[in-house]
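The primary structure of each chain is shown beneath.
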Amino acid sequence: MKALLDLEYQKIAEAQARAAMGFTPPMEDKKPAPEKNANRIRTAKTRRARRKAAKRNRKRKKWRKSRFKSRTDNQDRYSPHSVSDPATATPVSDHQLSTMSPSQPKKQPVDKQPKAVQDSPSASSSSPTDRSAKNKKRKASSKKKLARARNIDATPTATNLKDAFKFAFPTITQTVGSLKGCLRRSLRPLGISDDQVDIIASRLEKATSLINEARPHVFRMIQLFILEEVTTAFSPQGAPGGTDVDPLDLLMNKTSGQTFIRGLMSLALNGKIADKPCKKADSIRSRELAQRVYARYKTIIPDFSPINTTDIPLGDMQMEFGLATVVCLHTHFRKLPSTVTGKMVKLGWSKDVIPLVDGEVPSEAQRQQDKDALDEPSTTTPLGSDEHATDDDGCYKFEAGFLRTWWGHLLSLPAEKRPVFCPQPKLRDTFVMIQERAVKRILWGGTVKNNPAKNIMETILSFEDASDYVDSDYGRILETLFYGRRRPVGHDNDGGPDLRRTSYAKRTTTMAELAEGDPSRYGYRSLQDYCNRKLAYLRIAANCREEDVPCTQSPPEFPSNTNTKTRYALNNMIRSNGLELQILAYDTKHEPHGGLDPVMRIEKVLPDEDAIARIFQGQIPKCRGWDPGEVVAAALCLIEHEGEWNGEPDPGDPPVTNLMIRRAALYSPTTAARSERVRVKNRKAQVVPGEGIDGGIWARDVDPTGARTEVPSIHNMESRLPPKGQVTVEDFEESVRVKVSMEPLLREFEGSRRMKKAAWEEKKSVRAELDMAVAAILRFCGPEPCVIAIGNGKFRTGINMSSKHETLQSLFAKKARAQGHIVVFVDEYLTSTMCPACTARGETSRMAKPTSRSCVCLTCGRWINRDSVGAHNIALIAEQWLFDQSRPISLLRPSVPTSYK
Ligand SMILES: [Zn+2]
């Protein structure tokens, strides 16, 4: 449950989930395309325009049809482009009309965005297996559409509800526990034994590990493709002999990119691409390309054989893999410019050679240089701006020639300093997204025989029921399998002590349930209304931006309110690496900014007397200072005034309480896990046949003659891996050969249950330590609301680890604010060198440091622990700020002579 409420995780998870879930980013991020778009290749533009026009025509036809039918039904007409609620829609359209000038109609953005919402179901249902099936499917889908068109207030079906939810709510991820544990908890009440649960769990585990095993090959095939295109064939104009394709353009395209990657995945897993009839030229070409790349890859590793020899169907999971990989590629190549320039800066290149990155206006010389390199003027738009986002997947576009330009810069670096050119898969298993559909296929198996889980699953749900749930009741299967149904706690009214609900289901429910229970808020119609209003608002805002006038409209109110008990609506996906289970859910409370403001400086939070009086209602709160340090993660100091606050800083020596949280406490789980890892990796084993040591990892290279063999340790093998940043095809081929020979062993180690479990335990214990620290600080702060000032210093961890200080601070800020405390940053200039006792009296006295851990003031003769000095001074700064918005004289920066204002 803690995990459920954890905003910290949410923020990260939200971003991840959003990135991994689909191509449509949150609408706020999307800027409608401006008409003038200088840096597109013309041919691509016209092609796209033509495709778009054709699509629009088809849509229009369909829509006319549906409109006609619905009229005869004497019901509300429905158009995907109209705003359904007239009451709220009128002002929007009026405003829109007035802002749209007839000379410059902004038609494109107007009808584009609703399409993105409306299109997705039809797009996903366009690849049937044969002609008759295709026709059947088309009929079914048009029927569905008709039904949808006819009554908007329809009962929530899987498709329309999913769309509406996806648009209206942010997605969050929560780690809920181990795969097996969750299954046991929820299936035991249904009469499934632990042995049977193990069978189910191992099947899911197997499916994810298969995907993980194929992943490195796919990544390498992609790298091979990009490398070959960029070094030999690719040019913006299409050099003879090349494929006439910008590799990134192909990969980032929603259709062709996914088809390509899924094709590769399918080839790596099964050795063949599913032979679906397909008319789309894009898809056919991508599939051919995938075949070609696969064939080329096989020339490098002649004995490469497909991985999936089991009966596990993996089709739906491949789809997720395609999505995730596109996202991964995108983030990698987006970072390429800053990585390359960063390296250049580090190596001390002169300023005028270093290429420009994101947001900078290129100099004339630079522009010319790039022009020469590319032979086309594409550097006028700063990289990474959304100006050129014209498509649905516009944000996944790169400028034409992007790859080539940056590849050129990368080549100018010395070979050993070159960064990784293409994303590399890790040896450890990563999370795989699993849709309900995939869960159904893996566990129930469908038509596949020899599925040991099928009989067990039939006792839980029949195959037909499962299919039904997948089609219409989103989240139900996941709920049944992993969380159990909600049951009253403490009552065993329907028999058995096992009937207890799991804590994970406490505030989670399925989308369908929400929509049924509260249709005015979560029903399809109200969500659709919200979407329409929001889109209208976005259009207006975009128009205003373009005309450079301030936007008067405010964003529409969200249909949710605080009365709803359920916070999370289950998505139809889980994520798993075979051991941990993460659920994906929609956050119905819909806090658009992630819920929390960052910690800000005291001058901003409490700018003047009025603000202070308003916030504390006349009461002057106590002040705590928090000095983050390198040895002591948090030294805290509380100054307690005797008696009443008399309007002045206390002249005497107020009692001071200190609390220290050692850094070692925060880092120890990580360091412990690390040293354990090193120990295991360095272990050497002597192997004699029949004397298996440590499972199968070391027992492979056994000498057939029976002699004792010393096998290399994992560490030895790792150090023999080739460097990552190869930039020529030859280097690449060589490195692939080396990797492929060693990877199975390394993967077996890194992806083993044992290592996964260790990683998970580490994560949990890090979290527990942080929680303990936060709880200790909160106890120290007490129940009364107070001001907690944190020194805003920067620090190195010194041990090559990410700083836990920031994690601790933000975690603490979240919890402290929930209790009414005010958390602020203060400038920690001089705070650890001046004597706090003298500072409190308005005097200036530096402290001497006779020993390593203590300080002595030569003026007042006090001995103080070095770490608490800083905390004490920080508390004093906060205190004086509350009193008269100034800073103690002894701690003033020389540049701000009298007051800090
Ligand atoms: Zn002193």
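Just so you know, the residues in each chain are numbered from 1, in the order the chain's sequence is written. For this predicted model, a pLDDT threshold of at least 70 governs which residues receive local features, and a threshold of 80 or more governs which side-chain atom pairs are given and counted, while totals over whole chains, interfaces and linings are taken from all residues. The side-chain figures draw on all heavy atoms in the structure; neither hydrogens nor water molecules are used.

An unreviewed UniProt entry lists the protein under the name Cas12f1-like TNB domain-containing protein, from Linnemannia elongata AG-77.

Quick look at the overall build of the protein
Applied cut-off: Runs of H or I in DSSP of at least four residues are treated as helices and runs of E of at least two as strands, each being numbered from the N terminus. Remark: exposure states derive from per-residue accessible area (1.4 Å probe, protein chains only) relative to the maximum for the residue type, with buried under 20%, exposed over 50%, and partly exposed in between. Any two residues having at least one pair of non-hydrogen atoms within 4.5 Å are treated as being in contact. Here the open area of atoms and residues is found with the Shrake-Rupley method and a 1.4 Å probe, where only the protein chains shown may cover a residue.
Scanning the protein from N- to C-terminus turns up 31 helices and 16 strands. Classification of the 901 residues of the protein by burial places 49% in the buried group. Here the analysis covers contacts within the protein between residues at least 6 apart in sequence; of these, 74% occur between residues at least 24 apart. For the protein, the accessible surface area stands at approximately 43,300 Å², while carbon and sulfur atoms represent 52% of it.

A closer look at a negative patch on the surface
Short version of the rule: Any residue with relative accessible area above 30% and no salt bridge may belong to a patch, with like charges joined within 9 Å and the nonpolar Val, Leu, Ile, Met, Phe, Trp and Tyr side chains within 5 Å. A pairing counts as a salt bridge when a side-chain nitrogen of Lys or Arg comes within 4 Å of a carboxyl oxygen of Asp or Glu. For the purpose of charge, His is not counted, nor are the chain termini; Lys and Arg are scored as positive and Asp and Glu as negative. Lysine's charge is taken at NZ, arginine's at CZ, aspartate's at CG and glutamate's at CD.
A grouping of Glu458, Glu464, Asp465, Asp468 and Asp471 is seen on the molecular surface, where their side chains present a negatively charged patch. For the negative patch, the leading source of residues is helix α18 (residues 463–472), giving four residues. Classification of Asp465 as partly exposed rests on a relative accessible area of 38%.

A word on the coordination of the zinc ion
Here is the rule: Each metal's donors comprise the N, O and S atoms found within 2.8 Å of it (within 3.2 Å for Na, K or Ca). Water is not part of the atom list, so some coordination spheres may appear incomplete. Metal sites are grouped by the angles between bound donors: all angles between 85 and 135 degrees with four donors is tetrahedral, opposite donors over 155 degrees apart with the others between 65 and 115 is square planar for four donors and octahedral for six, and any other pattern is irregular.
The zinc ion binds to the protein through Cys835 (SG), Cys838 (SG), Cys857 (SG) and Cys860 (SG), with metal-donor distances spanning 2.1 to 2.3 Å. Relative to the metal, the four donor atoms surrounding the zinc ion lie at angles of 101 to 116 degrees, and the coordination shape comes out tetrahedral. Read from N- to C-terminus, the donor residues coordinating the zinc ion fall into the pattern C-x2-C-x18-C-x2-C. Residue classification places Cys860 among the partly exposed positions, given a relative accessible area of 25%.

Remarks on the packing of helix α28 (residues 753–781) against helix α29 (residues 804–818)
Rules: For helices, the fitted axis covers only the stretch in contact; all axes are lines through C-alpha atoms, and the angles between them, taken along N-to-C directions, range from 0 to 180 degrees. If an angle is under 35 degrees, it is roughly parallel; if it is over 145, roughly antiparallel; if it lies from 65 to 115, roughly perpendicular; otherwise it is oblique. The handedness criterion is simple: a crossing whose near helix is rotated anticlockwise from the far helix by less than a right angle is left-handed, and one whose near helix is rotated clockwise is right-handed. Here the nonpolar group is Ala, Val, Leu, Ile, Met, Phe, Trp, Tyr, Cys and Pro; Asp, Glu, Lys and Arg are the charged ones; every other residue, Gly included, is treated as polar.
At a closest axis distance of 10 Å, the pairing of α28 and α29 adopts a crossing angle of 50 degrees. Viewed along their axes, α28 and α29 adopt a mutual orientation that is oblique. The chirality of how α28 crosses α29 is right-handed. Of α29, the residues touching α28 (which contributes Val766, Arg767, Leu770, Asp771, Ala773, Val774, Ile777, Leu778 and Cys781) are Lys804, Thr807, Leu808, Leu811, Phe812, Lys815 and Ala816. Residue classes in the contact of α28 with α29 are distributed as 11 nonpolar, one polar and four charged.

Examining helix α25 (residues 663–682)
Using the following cut-off: To estimate how far a helix should extend, the number of its residues minus one is multiplied by 1.5 Å. In this scheme, the bend at a residue equals the angle between the axes fitted to the seven residues that finish there and the seven that begin there.
Look at α25: 28 Å from first C-alpha to last across 20 residues, which is about the 28 Å you get at 1.5 Å a residue. The largest bend along α25 reaches roughly 40 degrees and is located at Pro669. For α25, every residue scored as buried is listed here: Arg663, Leu666, Tyr667, Pro669, Thr670, Val680 and Lys681.

A word on the nonpolar core
Convention followed: Residues enter a nonpolar core if they are buried and are Ala, Val, Leu, Ile, Met, Phe, Trp, Tyr or Cys, with the set joined through side-chain atoms within 4.5 Å.
Of all hydrophobic cores here, the largest spans 91 residues; its most connected members are Phe260, Phe421, Leu481 and Phe482. With 17 residues, helix α9 (residues 194–233) is the largest single contributor of residues to this core. Among residues more than four places away in sequence, those in contact with Phe482 are Leu179, Cys182, Leu183, Ser186, Leu204, Ile574 and Leu581. Of all hydrophobic cores here, the second largest spans 28 residues; its members include Leu638, Leu770, Phe780 and Ile790.

Here's the deal with the confidence of the model for the protein
Counted only if it meets this: How sure the predictor is of each residue is captured by pLDDT, a score from 0 to 100.
On average, residues of the protein carry a pLDDT of 70, and 65% of them reach 70 or more. The secondary structure element of the protein with the lowest average pLDDT is helix α4 (residues 86–99), at 31, and the one with the highest is strand β13 (residues 822–826), at 90. Note on residues 359–394: pLDDT is under 50 here. Beyond four places in sequence and across chains, it has 65 contacts. Low pLDDT, under 50, characterises residues 497–502; the predicted model gives this stretch 13 contacts beyond four residues in sequence or across chains.

Here we look at the sheet that holds strand β15 (residues 854–857)
Test applied: Between any two strands, pairing holds if DSSP finds at least two bridges.
If you trace the three strands from one edge of the open sheet to the other, you get β14-β15-β16, paired in antiparallel fashion. Whereas interior strands pair on both sides, the edge strands pair on one side only; in this sheet they are β14 (847–848) and β16 (863–865). Sheet analysis places β14 next to β15, joined by two bridges and oriented antiparallel. Residue Ala848 lies in a different strand from β15, and its bridge partner there is Val856.

Here's the deal with the sheet that holds strand β12 (residues 787–791)
Strands sit in the order β6-β13-β12-β7-β8-β9 across an open sheet of six strands; the sheet is mixed. The sheet is open, and its two borders are formed by β6 (600–601) and β9 (656–662), each paired with just one other strand. Examined bridge by bridge, strand β8 (residues 632–639) and β9 share seven bridges and lie antiparallel to one another. Bridging from a neighbouring strand, Ala635 pairs with Met660 of β9. Sitting on the sheet, α28 touches β7 (623–627), β8, β9 and β12, and the angle it makes with β9 is about 175 degrees. Across the sheet, α29 lies against β7, β8, β12 and β13, angled at about 145 degrees from β13, the strand it touches most.

Remarks on the packing of helix α16 (residues 436–443) against α18
At a minimum axis distance of 9 Å, the contact between α16 and α18 shows a crossing angle of 165 degrees. By the criterion of interaxial angle, the relationship of α16 to α18 is roughly antiparallel. As for how α16 packs across α18, the hand of that crossing is left-handed. Contacts between α16 and α18 pair Glu436, Arg437 and Lys440 from the former with Phe463, Ala466, Ser467, Tyr469 and Val470 from the latter. Residue classes in the contact of α16 with α18 are distributed as four nonpolar, one polar and three charged.

A word on helix α17 (residues 452–460)
Spelled out, the test is: The arc in question is formed by the directions pointing from the helix axis toward the C-beta atoms.
Along α17, the residues that are buried comprise Ala453, Ile456, Met457 and Ile460. With its buried residues spanning 100 degrees around the axis, α17 presents them on a single face. Residues Asn455 and Thr459 are exposed on α17 and point more than 90 degrees away from its buried face.

Considering the environment of Pro189
Looking at the element boundaries, Pro189 is found in the loop between α8 (179–187) and α9. Taking relative accessible area as the criterion, Pro189 reaches 26% and is therefore assigned partly exposed. Spatially, the C-alpha atom of Pro189 lies 8.4 Å from that of Gly484, the residues being 295 residues apart in sequence.

Thoughts on the pairing of β13
In terms of burial, β13 is largely enclosed, as five of its five residues are buried. Here β13 shows no split at all, with Ile822, Val824 and Val826 on one side and Val823 and Phe825 on the other all buried. Bridge count between β6 and β13: two bridges; the pairing is parallel. Paired with Met600 across the two strands is Val824, which belongs to β13.

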